[in-house]
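# Understanding the architecture of this molecule
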Amino acid sequence: MSTFLRSSFSPEIFTSFPMLFFTIFPLFLSILFIIKWYFNNSDTTRNSPPSPPRLPLLGNLHQLGLLPHRSLQNLSHKYGPLMLLYFGKVPVLVVSSADAASKVMKTHDLVFSDRPHCKIFDILLYGSKDVASCAYGEYWRQIRSLSVIHLLSNKMVRSYTHVREEETLRMMEYIKECCSSAPPLNLTQLCSTITNDIVCRVALGRRYREGKGNKFQEVLSEFGELLGTVCIGDYIPWLDWLGKVNGFYSRAEKCAKYLDEFLEQVIEEHISRWSDGDVSVDSEHQNDFVDVLLSVQKTNAIGFPIERTSIKALILDVFAAGTDTTYTVLEWAMTELLRHQTVMHKLQDEVRTVVGNKPRVTEEDLVNLNYLKAVIKETLRLHAPIPLLVPRKCMEDIKLDGYDIAAGTQVIINAWAISRDPSSWGEPLEFKPERFMNSSIDFKGLDFELIPFGAGRRGCPGFLFAIAVNELVLANLVYQFDWKLPDGVAGKDLDVSETGGLACHRKHPLLAVPTKYGRNE
């Protein structure tokens, strides 16, 4: 014991005391600071929404899990439809009911119309110069007007009918060729391919598959994955270095560089086809979005100059919002039809009765396919393609349902949880298209029980384009073929696991066996 005391209090301890003091004391102060931050980092005079306990530094980030829409729904069951979380020290309001969503996106839409800054958007979208991610203000108003009037209006969507019908025909012919072979079809891949082909033709003028086009499709897939990744540095700035160490930022920059070079080449090819004076914004010969945007740029048709980077950002917006999310709806619709054969047969009966003996469904037939529209709505309800809508940011202090919401608070609307809320839907977990047959509820942003495309100023302007693709492709799939699961798998046993990310895909590809419908032999 005496030996221990002598060694413990040897003279060396005292000579090294200054070094120990200056090592331990800052650590002690840091711990005190963290404790103070944890208990006092919110304004106690505010009447804030309910909030779960949080960790120092991380806040509630650790509670997001692999499927944040499900994790946030579970938290909302305990803390309510308006719930305040902290990502790092950034306050984040999570909205999980139709009534609360209406107040954010309708009653106080202007106050909540800004977007939070996101580094990954800056890297991939030219400093957030696209419609979806740019800050609210004059630039946003100008490019949204450009998108709505010149790219995604009802007139423009109808003008691309021939593209949708030609690509759908190509897909159906491919499936017919595969009917005689034994292996099941990968419907996930087919739905992804047709969606990409349609968007490529509409946006860029032609399909891009072979050679460099194949690489383009691969990079687009990575582009969508990167957009759905949370950058820790956005919420905990002093940890931003992690994105550099783990290669995330270099991966994003490499993706952005490839897409920029690809789009530059596409734009130059379009310009080279033109001769001076033969392009007009109202020309009947425009065949893609690049033509339209270059024409607008050249003629100053919208009253303000549009930069080359803005053109490229808008084109990427079309791919971000028009490919992943659109084919997600198709794969989930076919998933639910294969799981619910009664619904499948009812839909086939409707389509085959309305279309009659024609070889295929055309867009003229769609107006009379009411049950088809109900199936699409029910798919959007049960499988919101973007479960957590693109975050908004509060621009000023405001009262919301009696709670104080501070300026700068980010807002996440859990569209997935809202569309499964038992206070708005009977049997919310069941796939029942019939619920929409005698209902006026729609997905256009006026009924907040169903907001797969958002609502208000920041709602998705491209939903007409997406629905046109989904209705035509799905109608032809069930009209021209009968479908079953491979290896005698029962519908109730079909795996419906999800992936995380911006869009909510099936975790595993959807495989199914087609048989040509007798009338179309």
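Bear in mind the structure is a predicted one, so any value in this text is a computation, not a measurement.

About the thresholds
The residue numbers shown here count from 1 along each chain, following its written sequence. Totals for whole chains, interfaces and linings use every residue, but because this is a predicted model, local features are given only for residues with pLDDT of at least 70 and side-chain atom pairs only at 80 or more, for both listing and counting. Remark: hydrogens and water are excluded; side-chain values derive from all non-hydrogen atoms of the structure. UniProt positions are given in the numbering used here, feature names are shortened, and annotations may be inferred rather than shown by experiment. Helix and strand assignments follow DSSP, with helices taken as H or I runs no shorter than four residues and strands as E runs no shorter than two, numbered in order from the N terminus. The buried label goes to any residue with under 20% of its type's maximum accessible area, the exposed label to any with over 50%, and the partly exposed label to all in between, with areas taken from a 1.4 Å probe on protein chains only. A pair of strands is treated as paired once DSSP finds two or more bridges between them. Lining residues are defined by having an atom within 4 Å of a point belonging to a cavity or pocket. Those points lie on a 1 Å grid over the protein atoms alone, cavities being sets where a 1.4 Å probe fits but cannot get out and pockets being open sets with protein on both sides within 12 Å along at least five of seven lines. Grid points are joined across faces, edges and corners, and a volume is the space filled by probe spheres set on the points. Should any heavy atoms of two residues lie within 4.5 Å, those residues are considered in contact. In this description, a line fitted to the C-alpha atoms serves as the axis of each element, helices being fitted only across the stretch in contact, and the angle between N-to-C directions of two axes falls anywhere from 0 to 180 degrees. Left-handed describes a crossing in which the near helix is turned anticlockwise from the far one by less than a right angle; the clockwise case is right-handed. When residues are grouped by polarity, Ala, Val, Leu, Ile, Met, Phe, Trp, Tyr, Cys and Pro land in nonpolar, Asp, Glu, Lys and Arg in charged, and all others, Gly among them, in polar. Aromatic rings from Phe, Tyr and Trp, taking only the six-membered ring of Trp, are treated as a pair when their centres fall within 6.5 Å; an angle between ring planes under 30 degrees marks them as stacked, one over 60 as edge-to-face, and anything in between as tilted. For a helix, the expected span equals 1.5 Å multiplied by the residue count minus one.

### Notes on the UniProt feature "binding site: heme" (unreviewed entry) in the protein chain
- In the numbering adopted here, UniProt assigns the feature "binding site: heme" (unreviewed entry) to Cys460.
- With respect to the helices and strands, cysteine 460 occurs in the loop between helix H19 (415-418) and helix H20 (463-480).
- Since its relative accessible area comes to 26%, cysteine 460 is described here as partly exposed.

### So, the pairing of strand E1 (residues 82-87)
- Counting buried residues along E1, 6 of its 6 residues qualify, which places the element largely inside the surrounding structure.
- In this antiparallel pair of consecutive strands, E1 and strand E2 (residues 90-95), the connection spans 2 residues, and glycine 88 shows a positive phi of 65 degrees.

### Remarks on empty space enclosed by the protein
- A full pass over the atoms with the stated rule returns 2 cavities of 30 Å³ or more.
- Looking at the largest cavity, it is lined by 43 residues, and the ones nearest its centre are Ala132, Ala321, Val390, Cys460 and Pro461.
- Taken together, the elements giving at least two residues each to the lining of the largest cavity come down to helix H7 (138-151), helix H15 (308-322), strand E7 (410-413) and H20.
- For the lining of the largest cavity, the element with the highest residue contribution is H15, accounting for 6 residues.

### Quick notes on the environment of isoleucine 467
- Locating isoleucine 467 in the fold gives a position in helix H20.
- It is 8.3 Å that separates the C-alpha atoms of isoleucine 467 and isoleucine 376, two residues lying 91 residues apart in sequence.
- Once you skip the residues sitting within four places of it in the chain, isoleucine 467 turns out to touch Ile376, Leu380, Phe443 and Phe453.

### Re the sheet that holds strand E3 (residues 185-186)
- On the basis of which strands lie adjacent, the open sheet formed by 3 strands has the order E3-E9-E8 and antiparallel pairing. A single partner strand is all that each edge strand has here, and the edge strands are E3 and strand E8 (481-484).
- Examined bridge by bridge, E8 and strand E9 (residues 511-516) share 4 bridges and lie antiparallel to one another. Among the inter-strand pairings, tryptophan 483 is bridged to a residue of E9, identified as proline 514.

### A look at the packing of helix H16 (residues 324-339) against H20
- Relative orientation of the contacting elements H16 and H20 amounts to 35 degrees, with a least axis distance of 10 Å. Both H16 and H20 take part in a crossing whose hand is right-handed. Taking contact as the criterion, the partners of Thr326, Val329, Leu330, Ala333, Met334 and Leu337 in H16 are, on H20, Ala466, Val469, Asn470, Val473, Leu474, Leu477 and Val478.
- Residues belonging to the contact of H16 with H20 are distributed by class as follows: 11 nonpolar, 2 polar and no charged.

### Some thoughts on the packing of aromatic side chains
- Throughout the structure, instances matching the rule amount to 14 aromatic pairs.
- Ring centres of phenylalanine 87 and tyrosine 235 lie 5.3 Å apart, and the angle between their planes is 85 degrees; on these two criteria the pair is classed as edge-to-face. Of this pair, phenylalanine 87 sits in strand E1 while tyrosine 235 sits in the loop between helix H11 (212-227) and helix H12 (241-245), and the two are 148 residues apart along the sequence.
- On the accessibility criterion, tyrosine 235 (15% relative accessible area) is buried.
- Among the aromatic residues, those joined into a ring-pair cluster are Tyr208, Phe216, Tyr258, Phe262 and Phe319.

### Some thoughts on helix H18 (residues 370-382)
- Its 13 residues place the ends of H18 19 Å apart at the C-alpha level, agreeing with the 18 Å of an ideal helix rising 1.5 Å per residue.
- With 11 of 13 residues buried, H18 is to be regarded as a mostly interior element.
- If you check which residues of H18 are buried, you get Tyr371, Leu372, Ala374, Val375, Ile376, Lys377, Glu378, Thr379, Leu380, Arg381 and Leu382.
- Looking at the buried positions of H18, the neighbouring elements they touch are H16, helix H17 (341-355), H19 and H20.

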